[in-house]
Amino acid sequence: VAARFVDGRPVGEVTTAFLKWSCEKLEHLGKKALLLMWDNAPWHVSHYVRGWIADHNRTVKQERKGVRVVVCCLPIKSPWLTPIEPKWVHAKRRGLEPNRLLTARELAQRVCASFSCQYEQHLAVPKKVA
């Protein structure tokens, strides 16, 4: 359970929601596989996320439709193999405002500007009510 949550946040559930969304987008584009170059973040290597990927790939194989997820894990402590790392540093710096907290919208706009991408609606994980 610990790898599903970081500081009480359901990162495993957000990760699988993102993977599902990505696969749907790629399937719409006619792609057959999503190739992930992943570091060893706890939610990337968690039983929860790995189980979701295995179930997803099994379903894609059985139904013969959809996008497979292929995970390529990077070696531990190898940031030089991850070309996005320097970009994260610059994006974080551009997202800071020394005199005040940014609104969520302002932060999203700065992140999108840093990566030259368009804004997409945030993925939400509904709270489970007992």
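For the structure itself, look to the data block above.
Conventions adopted
Residues numbered from 1 in each chain as written. Predicted model: local features only at pLDDT ≥ 70, side-chain atom pairs only at ≥ 80, totals over all residues. Heavy atoms only, no water. Helix = DSSP H or I, 4+ residues; strand = E, 2+ residues; numbered from the N terminus. Buried < 20%, exposed > 50% of the residue type's maximum accessible area, 1.4 Å probe, protein only. Core = buried A, V, L, I, M, F, W, Y, C linked by side-chain atoms within 4.5 Å. Contact = heavy atoms within 4.5 Å.

A closer look at unusual backbone geometry
Despite not being glycine, Arg64 has its phi angle at roughly 55°, a positive value. Locating Arg64 in the fold gives a position in the loop between helix 2 (47-63) and strand 2 (68-73). Arg64 sits in the exposed class, given a relative accessible area of 77%. With phi around 50°, Ser116 is a residue other than glycine that occupies positive phi space. By the secondary structure assignment, Ser116 is in the segment after helix 4 (104-115). Here Ser116 falls in the exposed class, since its relative accessible area comes to 68%.

Points about the nonpolar core
Nonpolar side chains in soluble globular proteins tend to be buried together. Ranked by size, the top nonpolar core spans nine residues in total: Leu19, Cys23, Leu34, Leu36, Trp38, Val49, Ile53, Val67 and Val69. Listed by contribution, the elements that provide at least two residues to this core are helix 1 (11-28), strand 1 (33-38) and helix 2. With three residues, strand 1 is the single largest residue contributor to this core. In contact with Val49, other than residues within four places in its own chain, are Gly12, Thr15, Thr16, Leu19, Trp38, Trp43 and His44.

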